Each structure stands twice: as structure tokens, then as C-alpha cells.
Amino acid sequence: MNDRLCLAILCVSVVFLGLVSLCLGEQWSSLHDTLVLPFADPESVSAVITREIRLPRTLIAIIAGISLGVSGAAMQGLLQNPLASPGLVGSASGAALGAVTALYFFAGTWHPQSVPLAGMIGALITTSLVYLLSGRDSSVSTLILAGVAINALAAACLSLLLNLAPSPFAIRELVLWTLGDIADRSLQDVWVMLPCTLLGWLLLTGTGRSLDALTLGERTASSMGINTRKLSWRVFIAVSLCVGAAVATTGMIGFIGLVIPHLLRPFAQYQPSRLLPLAALGGAAMLLAADIAVRLVSLYTDVPVPLKVGVLTALVGAPFFLVLILKSRRDYAR
Amino acid sequence: MKQSTKHTSLNVTQTDVQDMATDTVRIQVQDLTVERGGRAIVDNISFDLMANEMLGLIGPNGAGKSTALACIAGIDSPTSGSVVIDKRDLTSYSSTERARCIAWVEQLGNVHWPLSVERLIMLGRIPHLPRWSKVTDADYAAVENAITEADCQSIRYRKVPTLSGGERARVLLARALAATPSLLFADEPVSALDLGHQLQTMQLLRDYASNQHAVVAVMHDLSLAVRYCHRLALMHEGRLVAVGEPAAVLTNDNIANVYGVSVVTGCDSVPWVIPEHRISTPKS
């Protein structure tokens, strides 16, 4: 299967899963109610449910999925390492810290979008901190070390907040948020995450050929006219922006950025530039599917609490990743 | 035996140095110095590279050959001194301009993803592809040509990790050829190759040094260096000890001083240089 066919299949899956996601909630609604009614009769209950509850959920799943998938592919290309993940840049934990801080101090009392906004600010602060730490002229490994250090710091601050939480209810609230979820979001949340996300995507387009050149190592790539320092900053900032925006809105959703590029790489003939669009659509499809699965579980089983989508992606992603590593060990054997 | 064959016999190879058509200078290296950690790895070297010339850069391990080559290729920046390519200072070239003119083949180059050989060689066209442009027929033609020249036809659909070290070296050379550079710098291009492919690659590099192109190759095999290079540059501890026609550079004295080895040289149908025994630690 070549990459164009794979791209087409992924496009169709995203559209299909998107429609399923729009039709599914506390109960199924018909395709007619979902697609036609919101335009024909905007004030009907079904239209309001589709517009206010299911549409944001679907959009956020697609946007965050694209961000996580494409960022994973870009990071793996930049580091020439199939085990790299977007979490390495530090902005994800920064976003989580920012959002949890907002949740802790003024949950819902100040502004409905205060949590994702604080998450965005957290992501931007950690990105600038990594920038200051590693300096302008840093190599890829310095960048990553700075990212890991900031990650550890953000995790420590998160633990401190949990430690100081006044009641078990507050702790539960904070922990559940970090698990990663896209239920009960509004269109305003989409608007909050959109600017940074689009900027990140924009920065990532056009990096494909440079990432291809990096296949030959940093020195040969620079002999081929690629400014590797500039490239690493560009990818780093792009990933920080779009992953930060995703995490600020949804919480930590793991393994998509790791598994999806790994899974789709053979269809891109292992070429980083071809992998970027595949991983973007693959990420969207996986997050949509996981979010649908979570809703199906609530709909058809007696599980008392709704599952968080981040828990599901980790539960499925981790063993899946193990199998992939075992299967492709041959491919990567040097 | 040793006495009777040295010097004069090596001169046999120099018949076709006169074939070098013009005296156009492609590269002028002036007072190039590279310091790393307070030590001069390349110490004030100067030489010219002519059009249609293949220059062999030789010397013991740690002599600074690879560092000098990387500076001339514009990958590392020298501490002082200058490199002038086609009458323009190398620092005035944009990175794309430089990459279109110069190809550099890394010593023990690595390939990080299991690409197919064909796709890997295609990466060599990157300097010629503006950001949003499509791959053209000219690009495919250059890749086909490189595959044929570097004898990669039989392995073109294999994945790079399944190749042997020598096959990978040929593929990486083909990647550089696909860029159709007018200056080709190869860091130990034949070290990993079998006998047949050593000769094939050396002949390929020498043939490439025509049409106003020029080639610099870092070499350890002195017999091949004498046989295929128009001129040799001998480096020792960062300094350029000698540069010139192979027979003039590879005197027994020079080799003894630099490598600390006495050699037997001669020429039957081809010139040869064989190490005899170690003399002592090399003098500096």
C-alpha cells in the first residue's frame, strides 16, 4: 500500500468516525437529526445537543488528535528515534500544571475558559523556560534535556498542588482532569485552542524535506543545506504550541503521539516527510475512535463513572506499542 | 629490491597528470586553522585545488584530514583562515548554494530509518528542490545516473539496514552523486569496500574529476592513492607536510617521518606501496 492510498483511507475513516461521534451521546441519534436538523430547525433539542455538546467534542477530538499525531511524527523525525514522543518538549506538562492551577484556585468561578487559558499560558511559560535554559544556539540533545528537566519541575509542582489540596474532592477533581478527557467541552474551548494549534501546524508544514535530510544524520543534513539548529527550534516551538494547546483543552492524552507514527511509518515507506500527513490524520482517527469507545462503554455497560479517554488510549496504546516494537525490531536492527 | 624500485617506479603513474586540461583554480585554502579544546587540529594549511583534479588527502589517524575536509565543505567553521571556492569566499555562499555545488560523503555515514536504497539516493536531490516544488524528470534522471555509476542497480529495492557496510558506503556515495555536485568531497570512500568495488569507486571518483569538476578524497590506502589521485596532500599533526605529485609526496623519508613506517614501493603493471615495518614513534 502506498502513502496516497493510506492517506485516502485515513481521510475516509476520519470523516466516518466524525459522523459517528456526532450521532453518539447519551443515546444514538439519526443521521438526519444530526446533519439536517441543526440547519432546518436550529432551536430543536436535538439540534442544540448536536451543536453545543457533540460538535465541540468531535472537533476537539479531531484537532487534538491531529496535533498529537503530527507532533509525534515530527519529534521522531527530528530526533531520528522511533521512541521519541511529543511529551519530551515539556510544554505538555506545563499546560497540565497551568490548567490544574486554575482548577485549584478558581475552578469555574471566574470564567468558563479559565482552565484551558491557564493551560495555554502554562505551555507558553514552559516553552520559554526551555528556550532560556538551552540557549539560542543549542543542539537537539540540549533542547531535549532542557525539556525533560522542565517536565520534572512541572510534575513536582503538580504533586505539590495535589499535596496541598484542601479536600479529597479537590484531589479527585484535579487528578481526573489530568487523566485526559474531551467530554463536556464547548465551542469556546475550540476557539481557545485554535490560534496556538494553527500556528503550530503552520510551522510544521514545510519541515518535511529537512526531516528527510536528517535521516542521514545532522552533519550530512547540514552539508545538504539544512540549518539543523533552526530546524530543531522550529519543530520544538511548533510541537510546544500545538501539543500545549491540546493538553490545555483535553488533559494528558498519552500514546497517540508515540503509537500512531510508529504504526503508520511503513505506509510512508519510512520517510519522515510522507509520515507527517499520515500521522496527523491517524492521530485524529485514533482519538475519535477512543472517544467513541468511551461513550459506547457508558452506553452499553454498567460502569458507574464515565471512562476518561486518556485512560483508554494508554490502556490500548501501551500493549499495542510493545507488540509493534517486537514486530518491527527486525526493521530497525542495525 | 626496495632500493631499486623506489621513486622512479612511482613516477610511472604520473604520465597522465598532464591530461589535466586547464589551470582553473576551483578551491583556494588559505591559512586554514581549526582549534578544538585549545588544540590546533588543523594548523595553518594552505593549498589550491584545480579544476579536473582529484586530490588525495592522506596522513595517519588524527592528522586532521577529516576536520580539514569538513571545513572546506563548509560544515565546520574554521577558527581562522579562509576557503575560497570559484573566487568567492565560502562564508558568502547561502547554505543552498553551497549544497548545490558541494557534496560531502561522511565517514561511516549512518542512516536512521529503514528507507529503501532508491529513496535514500533520492534524498540527494534535496538541495535542488525548492520548498514546495515537485520532483522533476531531471531529478529522476540524476538519481538513475547515480545508481548506475555507484553500481547500486542490484540493491536498489533493498532496505538500507539490510545492506553490508560496503554496500551502504556505495549507496551513500550514490546519494552524493545524485546531487550532481561540481565539487565532491569523500571521507574515506573505499575503506569498507571489497577489492573490486575499491577499484570501481576510485575510477568513478577519478572520472568524476573532469568537466571542470574536482574531487577530494581522504585516503588510507597509499597504493590506491598513488594510482588514482592526480596530487596528494600529506597531513601530520594538523600541518600540511607536503603537497604535490604522488611520487614527490610519498618519498620514503616523508612516510617514515609521518607514519613511522618504512615502506616498499614499486611499480609492476600498477604502482604499489607496502608497509615493511615500524621504525619508531613518528617524529613531529
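Bear in mind that the values here come from a model prediction, so they are computed numbers and not experimental data. (Residues numbered from 1 in each chain as written. Chains lettered and ligands numbered in written order. Predicted model: local features only at pLDDT ≥ 70, side-chain atom pairs only at ≥ 80, totals over all residues. Heavy atoms only, no water.)

**What to know about the overall build of chain B**
Consideration 1: Along chain B, the regular secondary structure elements total 11 helices and 12 strands.
Consideration 2: The C-alpha radius of gyration of chain B comes to 19 Å, within 12% of the 19 Å expected for a compact globule of 284 residues.
Consideration 3: If one aligns the C-alpha atoms of chain B with their principal axes, the spans along those axes are about 60 × 40 × 40 Å.
Consideration 4: Per-residue burial for chain B yields a buried fraction of 55% across its 284 residues.
Consideration 5: Excluding contacts between residues fewer than 6 apart, the proportion of contacts in chain B whose partners are at least 24 apart in sequence is 67%.
Consideration 6: In the form shown here, chain B has an accessible surface area of approximately 12,300 Å², with 51% of it arising from carbon and sulfur atoms.
Consideration 7: The distance from the centre of the 26 positive side-chain charges to the centre of the 30 negative ones in chain B is 6 Å. (Helix = DSSP H or I, 4+ residues; strand = E, 2+ residues; numbered from the N terminus. Rg over C-alpha atoms; globule rule 2.2 N^0.38 Å. Buried < 20%, exposed > 50% of the residue type's maximum accessible area, 1.4 Å probe, protein only. Contact = heavy atoms within 4.5 Å. Areas by Shrake-Rupley, 256 points an atom, 1.4 Å probe, with all protein chains shown as cover. Lys, Arg positive; Asp, Glu negative; His and termini not counted. Charge placed at Lys NZ, Arg CZ, Asp CG, Glu CD.)

**Some remarks on helix H7 (residues 140-164) of chain A**
All names here are of chain A.
Consideration 1: Compared with the 36 Å implied by 1.5 Å per residue over 25 residues, the 36 Å span of H7 between its first and last C-alpha is a close match.
Consideration 2: Listing the buried residues of H7 in full gives Val 140, Leu 143, Ile 144, Ala 146, Gly 147, Ile 150, Asn 151, Ala 154, Leu 158 and Leu 161.
Consideration 3: Where H7 is buried, its residues meet helix H4 (45-79), helix H5 (91-106), helix H6 (114-134), helix H8 (168-179), helix H11 (218-223) and helix H12 (228-250). (Expected span 1.5 Å × (residues − 1).)

**A short note on helix H7 (residues 165-178) of chain B**
Consideration 1: Counted at 1.5 Å a residue, the expected span for H7(B) with its 14 residues is 20 Å, and the 20 Å between its end C-alpha atoms agrees.
Consideration 2: Of all the 14 residues making up H7(B), 11 are buried; the element is thus mostly covered by neighbouring parts of the structure.
Consideration 3: Among the residues of H7(B), those classed as buried are Gly166(B), Glu167(B), Arg170(B), Val171(B), Leu172(B), Leu173(B), Ala174(B), Arg175(B), Ala176(B), Leu177(B) and Ala178(B).
Consideration 4: Where H7(B) is buried, its residues meet H11 of chain A together with strand E6 (102-105), helix H5 (117-122), helix H6 (137-149), strand E7 (183-187) and helix H8 (195-208) of chain B.
Consideration 5: Remark: Thr180(B) follows H7(B) within two positions and exhibits a positive phi of approximately 40°.

**Looking at the layout of surface pockets**
Consideration 1: Estimates place the volume of the largest pocket at around 1,700 Å³.
Consideration 2: In terms of lining residues, the largest pocket is bounded by 50 residues, among which Gly208(A), Arg209(A), Asp212(A), Ser273(A) and Arg131(B) are the most central.
Consideration 3: No other element matches helix H14 (residues 272-300) of chain A, which puts six residues into the lining of the largest pocket.
Consideration 4: Considered class by class, the residues forming the lining of the largest pocket number 23 nonpolar, 12 polar and 15 charged.
Consideration 5: Roughly 1,300 Å³ of internal volume is contained in the second largest pocket.
Consideration 6: Asp181(A), Ile182(A), Ala183(A), Asp184(A) and Arg185(A) are the residues nearest the centre of the second largest pocket, which is lined by 46 residues in total.
Consideration 7: For the lining of the second largest pocket, the secondary-structure elements that each account for two or more residues are H4, H6, H8, H12 and H14 of chain A.
Consideration 8: With six residues, the single largest contributor to the lining of the second largest pocket is H4(A).
Consideration 9: Residues belonging to the lining of the second largest pocket are distributed by class as follows: 22 nonpolar, 12 polar and 12 charged. (1 Å grid on protein atoms, 1.4 Å probe; cavity = no way out; pocket = protein on both sides within 12 Å on 5 of 7 lines; lining within 4 Å. Points joined across faces, edges and corners; volume = space filled by probe spheres on them. Nonpolar A, V, L, I, M, F, W, Y, C, P; charged D, E, K, R; others polar.)

**Observations concerning the sheet that holds strand E3 (residues 54-58) of chain B**
Residue and element names in this part refer to chain B.
Consideration 1: With mixed pairing, the six strands of this open sheet are ordered in space as E6-E7-E8-E3-E9-E10. Strand pairing shows two members of the sheet lacking a second neighbour, E6 and strand E10 (239-244), which therefore form its edges. Across this sheet, the average inter-strand angle for adjacent strands is 15°, counted without regard to direction.
Consideration 2: Packed on one face of the sheet, helix H3 (residues 65-72) meets E3, E6, E7, strand E8 (214-218) and strand E9 (231-236) and runs near 155° to E7.
Consideration 3: The sheet contacts of helix H11 (residues 252-259) involve E3, E9 and E10, and relative to E9 the element is tilted by about 35°. (Pairing = 2+ DSSP bridges. Axes fitted to C-alpha atoms, helices over the stretch in contact; angles between N-to-C directions.)

**What to know about the pairing of strand E2 (residues 39-50) of chain B**
Residues and elements named next belong to chain B.
Consideration 1: Inspection of the sheet shows strand E1 (residues 25-36) paired to E2 by eight bridges, in the antiparallel sense. Bridging from a neighbouring strand, Val 29 pairs with Phe 47 of E2.
Consideration 2: Between the antiparallel neighbours E1 and E2 lie two residues, among them Gly 37 with a positive phi of about 60°.

**Details of the confidence of the model for chain B**
All names here are of chain B.
Consideration 1: The share of residues in chain B with pLDDT of 70 or more is 91%, and the mean pLDDT across the chain is 88.
Consideration 2: Ignoring residues within four places in sequence, the model shows residues 12-21, a span with pLDDT below 50, making 15 contacts including any to other chains.
Consideration 3: In the predicted complex, the global pTM is 0.88; the interface-specific ipTM is 0.86. (pLDDT = per-residue confidence, 0-100.)

**As for the nonpolar core**
Consideration 1: Core analysis: the largest hydrophobic core is formed by 146 residues, its most contacted members being Leu120(B), Ile121(B) and Leu184(B).
Consideration 2: Examining the composition of this core, we find that 14 residues originate from one element, H14(A), more than from any other.
Consideration 3: Counting residues in hydrophobic clusters, the runner-up holds 31 residues, among them Leu32(B), Val83(B), Leu90(B) and Ala214(B). (Core = buried A, V, L, I, M, F, W, Y, C linked by side-chain atoms within 4.5 Å.)

**As for the environment of Ile325(A)**
Residue and element names in this part refer to chain A.
Consideration 1: Summarising the element assignment, Ile 325 is placed in helix H15 (residues 309-332).
Consideration 2: Expressed as a C-alpha distance, the spacing of Ile 325 and Gly 25, which sit 300 residues apart in the sequence, is 35 Å.
Consideration 3: Excluding residues that lie within four positions of it along the chain, Ile 325 makes contacts with Leu 83 and His 262.

**Quick word on the packing of H7(B) against H8(B)**
All names here are of chain B.
Consideration 1: Where H7 meets H8, the axes come as close as 12 Å, and the angle between the chain directions of the two elements is 10°. By the angle between their axes, H7 is roughly parallel relative to H8. The hand of the H7/H8 crossing is left-handed. For the pair H7 and H8, the contacting residues are Arg 170, Leu 173 and Leu 177 in the first and His 197, Thr 201, Leu 204, Leu 205 and Tyr 208 in the second.
Consideration 2: Of the residues contributing to the contact of H7 with H8, the split by class is five nonpolar, two polar and one charged. (Parallel < 35°, antiparallel > 145°, perpendicular 65-115°, else oblique. Left-handed = near helix turned anticlockwise from the far one by under 90°.)

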